[in-house]
Each structure stands twice: as structure tokens, then as C-alpha cells.
Amino acid sequence: MDFSFTEEQTLLRNSVQRFIQDNYDFDSRQKIVHSDSGWNPDHWKAFAELGLLAAPFDEQYGGFSGGPVETMIVMEEFGRGLVVEPYLQTVILCGGLINMAGSEKQKSDLLPKIAGGELVLACAYAEPQGRYNLADLLTRAEKSGDGYVLNGQKAVVVGAPWADKLIVSARTSGDQRNKDGISLFIVDKAADGVSTRDYPTVDGQRASEIKFENVKLDAAALLGAEGAALPVLEAAVDAAIAGLCAEAVGCMRVLTDATVEYCKTRKQFGQPIGNFQVLQHRMVDMFMECEQSLSMTYMVNLKLDEDEAERVKAASSAKAQIGKSGRFVGQQAVQLHGGMGMTDELNVGHYFKRLTMIDSQFGNVDYHLRRFAAAS
Amino acid sequence: MDFSFTEEQTLLRNSVQRFIQDNYDFDSRQKIVHSDSGWNPDHWKAFAELGLLAAPFDEQYGGFSGGPVETMIVMEEFGRGLVVEPYLQTVILCGGLINMAGSEKQKSDLLPKIAGGELVLACAYAEPQGRYNLADLLTRAEKSGDGYVLNGQKAVVVGAPWADKLIVSARTSGDQRNKDGISLFIVDKAADGVSTRDYPTVDGQRASEIKFENVKLDAAALLGAEGAALPVLEAAVDAAIAGLCAEAVGCMRVLTDATVEYCKTRKQFGQPIGNFQVLQHRMVDMFMECEQSLSMTYMVNLKLDEDEAERVKAASSAKAQIGKSGRFVGQQAVQLHGGMGMTDELNVGHYFKRLTMIDSQFGNVDYHLRRFAAAS
Amino acid sequence: MDLQFTPEEIAFRDEVRDFIAAKYPAQLKGRRRGDADLTKQDYLSWHKVLAEKGWVAPSWPLEYGGQDWTSTQKYIFNNEMARAECLQLMPFGLVMVAPVIWTFGRQDQKDYFLPRIYNGEDWWCQGYSEPGAGSDLASLTTRAVRDGDHYIVNGSKTWTTMAQFADMMFCLVRTDPDVKPQKGISFLLIDMKTPGITVQPIITMDGGHEVNQIFLEDVRVPVANRVGEENEGWTYAKVLLGHERSGIAGVARSKQQIARLKALAADTSQNGVPLSEDPDFSRKIAALEIDLLALEYTDLRVLASESAGNGPGPESSILKIKGTEVQQRITELLVEAAGYYGNPYLRGMSYEGDNFPIGPEEAVGTAPEYFNMRKTSIYGGSNEIQRNIIAKAVLGL
Amino acid sequence: MDLQFTPEEIAFRDEVRDFIAAKYPAQLKGRRRGDADLTKQDYLSWHKVLAEKGWVAPSWPLEYGGQDWTSTQKYIFNNEMARAECLQLMPFGLVMVAPVIWTFGRQDQKDYFLPRIYNGEDWWCQGYSEPGAGSDLASLTTRAVRDGDHYIVNGSKTWTTMAQFADMMFCLVRTDPDVKPQKGISFLLIDMKTPGITVQPIITMDGGHEVNQIFLEDVRVPVANRVGEENEGWTYAKVLLGHERSGIAGVARSKQQIARLKALAADTSQNGVPLSEDPDFSRKIAALEIDLLALEYTDLRVLASESAGNGPGPESSILKIKGTEVQQRITELLVEAAGYYGNPYLRGMSYEGDNFPIGPEEAVGTAPEYFNMRKTSIYGGSNEIQRNIIAKAVLGL
């Protein structure tokens, strides 16, 4: 067992930290969030130049042959910076799906473009009725000649407003919640019959509701084997969860540090409020939640390659942990910052909002407690 | 709406308080607990003389025509004194069953004896496999001539070692968990075929495992209508829950007061530990749990006569509340008393143990949360 | 001890219910205090209907327009208002400044201000908190210097709710800086149109504009607008802080919110089954309902004790703590029930297109509401301060 | 970063597993530390098997019999011990006093005591706490007055675990009462057979006898039995308190206890369905398992950091807090699972008859165990003290 980072990993972390320090302070971030597009494509190019977008992919596809530890490092630092650009969606989730399920042609077509920052992807897996069940799909792709015709609606597709292509889960057979009969398709967002409603999300990102009306797909749009996509989607989502946990840890650590600093300087009743034992113990609990969350984040990122039951247990336990910890740390950071914590002006509330939304992403605490219990 | 006590009720409380002060200090209580019999029959006689055993019964049966408020007062004070004598079992639970379901003859035979302290009863409702489901019964009473033959086993019958008679729930028809087909019988503990194993309980009371092997009962042993006992049993248990809540409140208030006193006098690091804000807030939380529990205790005792759904909601919400509060208050009282709280010598641990067992009596927090939700 | 309503009380309940059904302004239906699109006129429309009926301030002394209701009647009244989801009026005039005026004000102040408050002619805001002061109210630094018949006021107030609508502000100012913090404070009534007052919005993290920072620069306030004695303002403010706790638990509103939560959970499908039947979610709702029930009966006990002549005691801090905890947990569960549809954000940012709706209607705005409710454990004396109060005043620690 | 075991580590795991299977004393199977019927000989039987193998004190320096295991090996060893439910040895000699002796003792003390501890010849107890001192260890008042080659010791020690078996006690005594509390303390090794020592049992609320009060009346202790300098004992004790935290989280034991809990829940029927399938109960078990998992990886991180040369830091207070919380919650759930059968009491009170058993075997003793485990958040520096330590040493508050 080994919990140390390689020199390359440390360099990677330093370069992400430096980028955020130089380009992504809170005011800059807020400007991005309030801009028309809601992201900064120049930053995306910079990520490509720093090699972040290439980190997990094989060298033959323009990657650096890194793994979950590398994306974990990026996500933790992105969490610290509240980065809104769709790294999780494009690189970890969609990149992961292509990497796992794609044909050689799809991989060599798409992965280098992701790595180079030329292709942004979003994954349309959720549906309005489906809640967190990845198999609860009404969207259908009917065979038509060599290809398919896609109909359905997808919910809260994070990052979709910026995406060039979507990876869409749809039924090619089976009933609404069957585990079999699910397929993945790579769909051009500009294709006929695709309509979107874009909106900002509460945590400063962007998402879309997407409708597919008789969208014509050719056979090459199919990603992986027809009807057998669920295990692949679950594995990719678990990898995304591992990244999301790291992001949450980044958020929690910023909040905990900021709260400790604030309580050391903020005076009430003639002394720093950090002198009050109740607040001290509250901050100790925040600190412990950070540490436990970090432990679980390491754990899940190191276990993604184990067999399915182990991977599911790792991902769901980690997600449940960071959901619980994130709620506590976020709420207490706001509470201990008092009125200031409530304002839009201070960064604290924005980390809190992001942590709140992280809990609902890919399934909340309850969902993952049950998934963990079922796999145990 | 009115939350005040009548003068008679205040006198009743005073007389119980005085009795406990004079006869039931902690050392005396421990002597009783460690005596061979585990109770003090002289105290039982004194309860009769004070009118406590007669409180809820109609005057025609030798009672004082009181109601749940009177038994609530007695139980709260008994909780403060950690009284082990079987008031809840004999007067509230069994007395309640006879009062609700008994024939005129059974009432005029038995209630005056309870009121006079001549008859001690215990209710054998639980079975080893049944957990908290009152309808989960394997004990069966088969018709035989004019009477019945009783076979089965009952679990943890609190107060049974001191009882003259038992009220036993048994199936006269139906399958193991049917709501119909349950009957109640009044059984002499000395009858042929009744065997008991008596033991002390962890909270200083006594209980028995009881086996019935071909116990012959005559028709007069039947209490209430054959096969229709479940609603009666549920109502009586809800009344017992209302009394038990009052007992728990008594325990919690003693623990909270004792903890506050202890923390005011106990010095560490050169000052009373009650100066430490974390302990102060912990005690505030204990105090609030006491207040919330008291509110719920009033509520349930005032709602016992409402329709079934309202009564069930009242009883189950109150029981869930005192289960949760009792655990918190008990654990924190021990924690704040430090090592002393762990000892057998100090009363604190004994209140904690009693509160722990109160949670499991008549169904724990989970059971009553579900029962409440189902009735809502 | 008795929980039953008398026939008179039932008749009263029906009267309140009928009144609301007949008179509640149609345009207010389904709208809640703090909604971004509520105008001053919206609030006033309901205020005036209540004033006309004589019910806008039932807790006031009879001579100023109050009602001699029993605590049960007040309970019924509040319950019915919440049950019908009536808009809650702002407390600054009716509940907060009025008692100070009738208790400590001069006759001419009572004669002038109380009817105007009653009839909704002045919208009031509260100038207590200052930047940097937080829970330590007495550390305020806004200065008022005497200049003939006026005070010249300089300083800043913050977290001033709905000051954007305000005609008047009641305000604590320091008139003597050389004594200990609680001394040397005076209580002024300031016309918001006075030159030198700037109201600057504070946007909260939910995107809403409820609170403001107020800058006072050489603001001339007539000495006649001081309530009570100079330098004794802290005493009056403390009385005000202890006054009228009856609504603090928010029981009736929380019942309505739980009904809303249950409706959302019933309409949300999870694996084809309503979320309301999910064991985890139904358990959380049940636990919350039980906590609210306990709070309701504690509230009733405090109410009964108050109407038996005991003033509002420090026990009412329980109502603040438990009340806000319940309110916060309800919104937490609303967000949980909304699932992914807690994400779309509706306030203060522009949207493109409206070709189809974003998620179920009940889910809309749940997250901002959750964020906004975090304030309740901070303001009005943070819940930590409330626990300090109980520790000291009740437990003697 | 890597979680995989190397082939060597797997071989080591198998070696430990085989050793336990072959050598664990049969009469100890199914028995746990603290069980009322465990004798001194029972503990020693296992101690001697381990000592013979050279595994009784793997963390000791090599020269005294330790092993140069990696942190992974230690983790494997502890895991296997817990997995097989091996009796935990008492830490007082092996873990607590030995490091003080080898760090601060004279050569003759090391030569004499360390082999005796290693081989189980002396049973040690810890004389730190005093009546009335609690978490404030430094306030101790037991006096040692120099009389030639001896100290005359008077005073009392309490919460002394298993002193009823002890041959030796390591003891903090005050040798200079005129300096501030942390100064003027010396560290003595006292033979329990010395005249003037009385051991009085303290019965805990679970009915057990694990702890004792010790009275010292004119007890003559050779000055040669002092470790280190006079009046410097507090320094040594502090080092000891910070030493060898590796077992403090109790992860491996808690895993075993959860297995036991799951077995009880699977055997308990509720409405004809195993309790392990009840949504409420299974959720609690899952939540507990996840907390334990987080603790396990935090423990591993601390272990890794220690073996990378960083001393045990204040972060290990996390392990104490979270470890005891998990342990306590497990016993809480054991009692919940036992239901009514948590009631029968088995210790220290007589029973009549034994014609049939009281409840399922796994439920027996659950309540006393729950009661007993409350001590874990009190002793060894209460969890409140641990939070103070983190606040100060880690967060700089």
C-alpha cells in the first residue's frame, strides 16, 4: 500500500494550482459565470496546453497515459478553484465512455480531439422520470435501415450548452427500467431534430434540457455493443464519481480553511470568535469530515479497476461520504461566516452551493447508501 | 386548550414525590433491586394506601375516576425515583385491558383488587419471534369443551415474577401474523402447565420467559370478544406508552438536572467544567430534549381518547421522541459525568440503563416512526 | 389539561377561515414572503384588508387596535393563516417598533405613528446590525451628534431587510461613545427620505434581494424623533427583542411547507414508485413531522404560560432554535426531493428560450429557498447565541 | 498511490493466518477482552504463544524483540488478529510502559523489565488518573517524599484497569508540590506486592469489574525504580500518551463487530423477514460500514505518514474520536437488533432456574457491552479533549 504521489503527479498538481492562482481567482470566476456563454473557451485551450485534457488517455490517442490519480488531482484543484469548465463531463465521463466502449476508429477520431481541446462533450444519461436510475429510460433509438432514429427527452445535461457532441443513452430494446437493451450513441448537437433549452444552474454551471425528435443516426453513431451499454455507463459514472469526490474535497478544504481563518480574525464580544469552544469543535468536525472525505476519495480512485462489486462499493461509499460531509461542511461554513456567509459577494456561499449540487449529481446520499448496501 | 393541573392533580404529585423522598432514595432502591424478590411488597401496599393504584378506575370499582393525566403524574414521579414496582404493567396496561375489554363481572372482580393492592398482574403479549408486532403470535388457545387449552411461549414478560395472574394474548384462529383471531386470557400463574424462568433485567426490574403447556382455561378466562383482541391490546399498549413516556421524562429530567449540578461543581483545569461552552451547549440540548419530550408526553396523554388514527399517531410520535431524546440525554449524562458516570455506585448509569430499555419496550424508535408514517 | 376546542373557538376558527376565503387578494395566491416579484403594493394589499377587518395586529393593546384574544384564539388565527398559505406581513412596523413606541414613546409619537403603522401608511425597516457587529449588537458605532433640535447621524447599517421599500427606519445610534457599549445608545425614528441616506442592495447567495446596506452621511434627524431618553436606547431595544415570540417557532408555516414537501414527494417518481413511498424519504419526513409536533406542543405550552401572565422567558429560545432547525430541514428535503431538478436556477440570470419547462413546477426554486433559509440560524440572534442564553438564563451555567 | 498487496505481503498474511489457526488457544475461542470469566492465565496463555513466535510486540525496537515490519505488514497483522477474533492483550506493559523504559530508563531497568514484559512475567497496570482529576491528568496529588533510597508514596489512583491482576504499576507521583502542575511529577515503577497498597474494585454500570481504585499508604518505593529524572515524569508520560496510536482506531475489531451485528440482524426475524433486510436497519448498518471504511483509510494514511518518518501527530486524535464513535454505534445497534432480548441481564446477579435459555445467543450481553462502551469516549483523553487538541494543534485556534 502506498499513499504517496509521484514527482510527475506533484508537478501536475502544481501546474493546475498555478493556473488557478493566475487565472481563476473568485472575481474572474464570477465574470465567467455571468458571461453570456458561461465558460471561457480560452481556459479550455489552456487546459489542453497544460496537458490536463490528455491526462488519462493512452499515448497513441494523444494522451499522457495517466489514470484516476491524475484526474483526481486535477479535479481536487478544480474544486478549490470552483472551475466551471466541463472537465468532468468531457474528459472523465465522456472520454471514459469512449475509451471503454469505443471502436478503434471512434477512439482515434475522438480522443485526440478531446486531448487537444477541440472537442467538448456532454453525457445525456438522465431523464425527467428516471431520477438516479441509469436504466430508467424512455428515450428510444429505433433501428432504421443501417442506422437508428432517436426520440426522447433528457434532463439536466450538465455542460451541454458548450458541447459539440452528446453521448446519449437510449433504449434499443426492453422496457422502461430493464437493465438490458440500453445503447449509447454519439450525437451531433447540431443534428436535425435536436432541440435544447439551456440554462444556468444554481452552482454557476450551465445545463440543458434536450429533446430528440426523429433524430437520424447512422450506424457509426453507436458507441459500444448494442443493448449492452449499462455496465459501461455504470463504470464510467463510477469513474466520474471518483472525480467528483475529489472536486468536493477541494471545495470542502477551501471552506474549512476559510472558516478557520475567518474565525481567527473576526471579533465579537471583544475577542476572535475562534476562541469560542463551540465554534472550535465545529471546525474540528469540519476538518475531520474533510479528512474522511479525502480518505474515501483516495480509496475510490485507487479501486476503480477492481471487480464490479468492489468498484460499486467503493464509488457508492465515497459518494455517500462526500454527500454527507459536503452538506455539513457547507452549512457550517455559512453558519460560522454569519451574515457574510449568506452573501453572493463572498465565495463561501458559492462553494456551499456547488457542494449541494454535487450531492444530487450521479445520485445522492440515500441512493448510494442503498447501492452500497446492495453490493455488500 | 389548557395545560394546567387541577389542585387534586398537584396534590397527587406532591404525595408521590413525598413517598419517594421518604422511602425510595437511590440506596433504598438499590437494596430493593438486589433483594431476592427484586421488589418491595410493602411499597405496593403503600401505593394502594396513597390511592395510586386506584387512580384511573371508576368509583364503582374502588377507583378515583382519574384518567391518563393522573397516571402520567404518577409515572413521571416514578421515573424520577426509578421505581421498579410494576405500576405500568398492573395498573395501566393490565388494568386498562380489563377496564376496556372486561365483562362487568371481570371488572368488579378484578379492578377493586388492583386498586386495593391485592392483585398484581403482568401482560404476556410478546413472543420470541414477534419482535414488536403485537399480532405476530404462535401461542394458540384451542377450544376444548366450554374452555380452551393454551400452548406457547412468551418473551420478556416484565413484572411477571411478582404477578399473581397474567393477561396472555393468544391465537384462537388465523395465521401467525393475522390481525384477526387474537384473544386475551386471564391466566393464573400458578395454573398447571405454566412454567416460568425469572430473571433480573438490565435496568433493575424483573421479567420472565413463560411457557404454556396444555394449560386448561375455562370460558371465564376469556377477556373481551374472542378473536377481536388486537384493537383492544393496541389501545391499551398506547396508554401504556403514554405512561412510559412520562416515566422517561422523569428519568431525563433527573439526569439533566444532575448533570447541570455536577458540571457546576466539578472542577478541571482550574474551573468548573460547566464553564466550557461545548458542555454548556450539550446541556442546553439535553434540556431541550427534556422539554420536547415533556410536550409530547402531555400530547399523548391528552389524545388517548381520540379516534384510532389520531391515537396511534400521538402514541407513536411520542414514543419515537422519547426514544431519541432518552438515548441522547442518557448518553450525554454519562459522558459529562466522566468516569463517575460509568460506575454502578452513582445513580446516573441506572437512569441511562432504564432509558435504554424504555426505548425497546413496546417498540423502538424505528418501529414507531414507521407506525406513525403509516397512520399519517 | 385539555386539548379540545370549545364551540366558541370552533366558531372563531370558521370565521377566520371564511374571512380568508372571501378577502384574501387573488393576485397573492401561491406567493411567499421573499419572492422576488412581490411588490410593496402586493404586501400592502393584504395589510389593508387585515387592517380594515381589525386583525392586522391582534396582539396590540386594545386601545391601539388590538384584540383581546386568548392564546388559543391566536393559535387558531395563525394556524388558519398558514393553512391558507397567506402572505406573511413584514414584522418591522407591526411587531417590532410598535411595542417600543407604545411602551416608551411620547403621546404625540403614539398618536402619529401607531395608526400609520396599523394602516400600512409607513413601511418600516430595522437599523440595528452594523457591518462587523454580527451577533454582538451592542458594539454598534453609528454616531449621532446633537446639533440644536437635530441629531447628525453618520455610519452604516446592514442586513436591513426590505429597506428598499421603507419609508421609516427605527435605528440604534451611539449618542455617547465614552461609556461602556450597552450605555450611550439612543433609539431614533428616521425618515428614509432624509438627505444623506443611501440604500445599497445586498444580493444573497440565492440570488435574492431582501437585505440591504444603508449608509448614513450627515443625516439630520429631529430630536423629537428619539424614543425615550437619550442614551437609554439599548434598554428599549432589549425589551423589543424579548417581545412577541409567539410566531417565532413558525409551526403553522412549517406544517404548510411539509404539506408542500409531501406533494412534491408524491409527484416524484423513483423506479416507478412515488418518492413518498421510498423508505428512506418517508422516514425522514416522519421524523421531521414528529419534531414539528414536539415543537408545536412546546410552543403551545409557552403560549399558555405567557397568557397565564408569565412574560416571554428565555425558554422561547428553544422555539427559535428548534423552529429554524425544522424550517431548514424542510427545505433540505425539498432539494432532495427535487433531485436533478434542484439544479436549474431561476433568479437574477437570463434565460434563453422557453420552448419547454425545466422540471416539475414544485421543484422550481427549491434550491434557492434552501440556500436562503440558512439565514434563519444566523439572524435574530444566531442559534449559538440562543444556546448561550438558555445556558445562562435557564440552566444557570 | 496503490492499494494492492505485493506477493510478499500476501505470503505474510497467509503466514499470520496459518499461525493463528495452528496456535490460538482453544479455550479462548469466542471470548473477548473484558469478559467477566477471563482469568489472568487466559490472557497469559495467548501472550506466551505470541512471545514464543516473536510477535507479541512487533512495534518494539528490534534489539528488544520487535519486528521491522512495514506499516502494511502491521496492518495485515492487526487485521488477521481481528478477523480470527483473537483476544486482545492488555496494552499496559507492551504498549504503554515499555516505550518509556526503553526511551528514558537506565540500562539496568531496560535489561530487567523489558524481557519480563515481553515474556509476560509481569502484569502491569497504569497509575495515572486520580479521584477527582479526570481529563486534567496534571492535577495529580499522590505524593512521593524522599526517604533515603526510597520514596514514601501516599495517595490514590483510580480507573486502574485490571489492577486486580497486576504485579507492577507505572505511576505518576508528585515529588515537588511547589511548582506548577506539570512540573514536579516523577515516574515510578511500583511493585504491587509492596505493603500499603490496597486494590478496591470499582463495579461499572454494566456489572463488570474491569477497573479499580488503588490506595497507597506509606508505600516504600526504591528510588532505583524511578524512570528518568526526578520531577520530569510529565515529559515522559506525554511522550507515552503520543506513542503507538496505530491500534487506536480499532478498525479491524470494529469490522469483526459489524460482522457479528450482521449475523444477529440476519438471525432476528421481524414480521417474518430478517432484520438485516429491514430498510431502516440495513441503512444504519450501511452508514456505519461507510464510516468505518473512511476511518480505515484515514488510519492507513496516518500509518503511512508515520512510517514515512513523521511522528504520530495530533491527527491521530481523529482516530480516537471516530474510532470510538464507530465502536459505540456498533454496540448501540447490537442492542437495537436484540430488541426485547437486550433486557435480560447476565452479570453479577443470580438467576433461578435454567430450564430454557433467554433469547438468542447472539443477543446475550449486548446491553452490558453497549453500556460498557460508553467509557471509550471518556477515557484516554475524552473526545472533547481530543477535539481541543485538534483545534489547537492542527487548526491553530
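Parameters at a glance
Along every chain, residues carry numbers that run from 1 in the direction the sequence is written. Think of it this way: whatever chain is written first is A, whatever ligand is written first is 1, and the rest follow in order. For a predicted model such as this one, the threshold for reporting local features is a pLDDT of at least 70, and the threshold for listing and counting side-chain atom pairs is 80 or more; totals across whole chains, interfaces and linings nevertheless cover every residue. Where side-chain values are given, they derive from all heavy atoms of the structure, hydrogens and water being excluded. A run of DSSP states H or I qualifies as a helix once it reaches four residues; a run of E qualifies as a strand once it reaches two. Both are numbered from the N-terminal end. The size measure is the radius of gyration over C-alpha atoms, and the globule rule it meets is 2.2 Å times the number of residues to the 0.38 power. For the exposure calls, accessible area comes from a 1.4 Å probe over protein chains only, and a residue counts as buried if that area is under 20% of its type's maximum, exposed if over 50%, partly exposed in between. Whether two residues are in contact is decided by their heavy atoms: any pair within 4.5 Å suffices. Computed with the Shrake-Rupley method and a 1.4 Å probe, the accessible areas treat only the protein chains shown as cover for residues. Here the positive residues are Lys and Arg and the negative ones are Asp and Glu; neither His nor the chain ends is included. Lysine's charge is taken at NZ, arginine's at CZ, aspartate's at CG and glutamate's at CD. Each domain's limits were defined by an automated method or a database of domain assignments. Buried area: the accessible area, evaluated with a 1.4 Å probe, that two parts lose upon being put together, summed over both parts. The working definition used for a salt bridge is a side-chain nitrogen of Lys or Arg within 4 Å of a carboxyl oxygen of Asp or Glu. Nitrogen and oxygen atoms within 3.5 Å of one another constitute a polar contact, given that in protein one can donate a hydrogen and the other can accept it, and given that sequence-neighbouring residues count only through two side-chain atoms. We call Asp, Glu, Lys and Arg charged. Ala, Val, Leu, Ile, Met, Phe, Trp, Tyr, Cys and Pro are nonpolar, and the rest, Gly among them, are polar. Classification of ring pairs rests on two measures: the distance between centres of Phe, Tyr or Trp rings, Trp counted by its six-membered ring, which must be within 6.5 Å, and the angle between planes, read as stacked under 30 degrees, edge-to-face over 60 and tilted in between. Any Lys NZ or Arg CZ found within 6 Å of a ring centre and within 35 degrees of that ring's normal is scored as a charge over the ring. In this scheme, a helix's expected span is set at 1.5 Å multiplied by one less than its residue total.

Asks: Give me the overall build of chain C: which residues, what numbers.
Replies: For chain C, the count of helices and strands is 11 helices and 10 strands. Against the globule reference of 21 Å for 397 residues, chain C gives a C-alpha radius of gyration of 22 Å, in line with a compact fold. Principal axes of the C-alpha set define a box for chain C whose edges measure 75 × 55 × 50 Å. For chain C, the proportion of its 397 residues judged to be buried stands at 56%. Counting only contacts in chain C whose residues sit at least 6 apart along the sequence, the fraction spanning at least 24 positions is 73%. Here chain C has roughly 16,000 Å² of accessible surface; of this, 50% comes from carbon and sulfur atoms.

Asks: Residues and numbers for the overall build of chain A, please.
Replies: Helix and strand counts for chain A stand at 11 helices and 10 strands. Expected size for 376 residues packed as a compact globule is a radius of gyration near 21 Å; at 21 Å, chain A falls within 12% of this value. Referenced to the eigenvectors of the C-alpha coordinate spread, the extents of chain A come out at roughly 80 × 45 × 45 Å. The buried share among the 376 residues of chain A stands at 66%. Considering only residue pairs separated by 6 or more positions, chain A has 73% of its internal contacts joining residues 24 or more positions apart. The distance from the centre of the 37 positive side-chain charges to the centre of the 50 negative ones in chain A is 6 Å.

Asks: Explain the domain arrangement of chain A residue by residue, including any values.
Replies: All names here are of chain A. With domains assigned, chain A is organised as domain 1 (7-120), domain 2 (122-228) and domain 3 (231-375). The C-alpha centroid of domain 3 is placed 30 Å from the C-alpha centroid of domain 2. Of the roughly 1,200 Å² buried where domain 2 meets domain 3, counting both sides, 66% is carbon and sulfur surface. If you sort the residues of domain 2 by the area they bury against domain 3, Tyr132, Leu134 and Asp203 come out on top, with a joint share of 47%. Viewed at the interface, domain 3 and domain 2 are joined by 1 salt bridge. As a salt-bridge pair, Asp203 and Arg354 come within 2.7 Å of each other at their nearest N and O atoms. Here domain 2 and domain 3 share 2 residue pairs in polar contact (both at pLDDT 80 or more) between them. The residue inventory of the side of domain 2 that touches domain 3, partitioned by class, reads 8 nonpolar, 2 polar and 2 charged.

Asks: Give a detailed account of the interface of chain B and chain C, specifying residues and quantitative values.
Replies: Taken residue by residue, the interface counts 39 residues in chain B and 37 residues in chain C. Between chain B and chain C lies a buried interface of about 3,600 Å² when both sides are counted; carbon and sulfur atoms form 67% of it. Considering only the surface of chain B that becomes buried against chain C, Met1, Phe3 and Gln292 of chain B emerge as the three largest contributors, covering 21% of it. Linking chain B to chain C there are 5 salt bridges. For the interface between chain B and chain C, the tally reads 13 residue pairs in polar contact (both at pLDDT 80 or more). Of all the secondary structure elements, the ones that give two or more residues to the side of chain B that touches chain C are α4 (68-81), α7 (230-265), α8 (277-302), α9 (308-341) and α11 (365-375) of chain B. For the side of chain B that touches chain C, the element with the most residues is α8 of chain B, which contributes 17 residues.

Asks: How would you sum up the domain arrangement of chain C? Please name residues and give values.
Replies: Residue and element names in this part refer to chain C. Looking at chain C, the domain boundaries give domain 1 (7-89), domain 2 (124-231) and domain 3 (246-394). Between the C-alpha centres of domain 1 and domain 2 the distance comes to 30 Å. Of the roughly 350 Å² buried where domain 1 meets domain 2, counting both sides, 59% is carbon and sulfur surface. Three residues, Gly34, Lys40 and Tyr43, lead the burial of domain 1 against domain 2; their summed loss comes to 88% of the area buried on that side. Linking domain 1 with domain 2 are 1 salt bridge. A salt bridge links Lys40 to Asp167, with the nearest nitrogen and oxygen atoms 3.4 Å apart. For the pair domain 1 and domain 2, the interface holds 2 residue pairs in polar contact (both at pLDDT 80 or more).

Asks: Provide a residue-level description of the packing of aromatic side chains, including the pertinent values.
Replies: All chains considered together, the criterion is met by 72 aromatic pairs over all chains. Ring centres 5.4 Å apart and planes at 80 degrees place the aromatic pair Tyr43 of chain C and Trp123 of chain C in the edge-to-face group. With Tyr43 of chain C in helix α2 (residues 40-53) and Trp123 of chain C in the loop between α5 (107-118) and β1 (124-127), this pair connects stretches of sequence that are 80 residues apart. Residue Tyr43 of chain C is classed as buried on the basis of its relative accessible area of 2%. Ring pairing ties together the aromatic residues Phe19, Trp39, Trp44, Phe47, Phe78, Tyr87 and Trp162 of chain A, which thus form one cluster. Lying over the aromatic face of Trp55 of chain C, Lys53 of chain C brings its terminal NZ or CZ to 4.8 Å of the ring centre.

Asks: Report on the pattern of salt bridges, specifying residues and quantitative values.
Replies: One pass over the structure, following the stated rule, counts 108 salt bridges over all chains. A salt bridge links Lys284 of chain C to Glu336 of chain C; its shortest N-O distance comes to 2.8 Å. In this pair, Lys284 of chain C sits in helix α8 (residues 279-307) while Glu336 of chain C sits in helix α9 (residues 316-338), placing the two residues 52 residues apart along the sequence. With relative accessibility at 22%, the residue Lys284 of chain C sits in the partly exposed group. A relative accessible area of 7% means that Glu336 of chain C is categorised as buried. Close ionic contact of Glu130 of chain D with Lys157 of chain D constitutes a salt bridge, the shortest N to O distance being 2.9 Å. Here the residue Glu130 of chain D occupies a position in the loop between β1 (124-127) and β2 (143-147), and Lys157 of chain D occupies one in strand β3 (residues 150-157), the gap between them amounting to 27 residues. Here the two residues Glu130 of chain D and Lys157 of chain D agree in accessibility, since each one is buried.

Asks: Account for the interface of chain A and chain C, naming residues and giving values.
Replies: Between chain A and chain C, the contact holds 59 residues from the first and 53 residues from the second. The contact between chain A and chain C buries some 4,600 Å² in all, and 56% of this surface belongs to carbon and sulfur atoms. Contact with chain C buries area across many residues of chain A, yet Arg131, Arg197 and Met342 of chain A alone supply 18% of it, more than any other trio. Where chain A touches chain C, the interface holds 5 salt bridges. Across the salt bridge formed by Arg282 of chain A and Glu384 of chain C, the nearest N and O atoms sit 3.0 Å from each other. With 9 residues, the single largest contributor to the side of chain A that touches chain C is helix α9 (residues 308-342) of chain A. When grouped by side-chain class, the residues that make up the side of chain A that touches chain C number 20 nonpolar, 21 polar and 18 charged.

Asks: Quick one: what's the story with helix α10 (residues 348-360) of chain A, residue by residue and with numbers?
Replies: Residues and elements named next belong to chain A. Its 13 residues place the ends of α10 19 Å apart at the C-alpha level, agreeing with the 18 Å of an ideal helix rising 1.5 Å per residue. Among the 13 residues of α10, 13 are classified as buried, and the element is accordingly described as predominantly covered. Trailing α10 by a residue or two, Phe362 shows a phi angle of about 60 degrees, which is positive.

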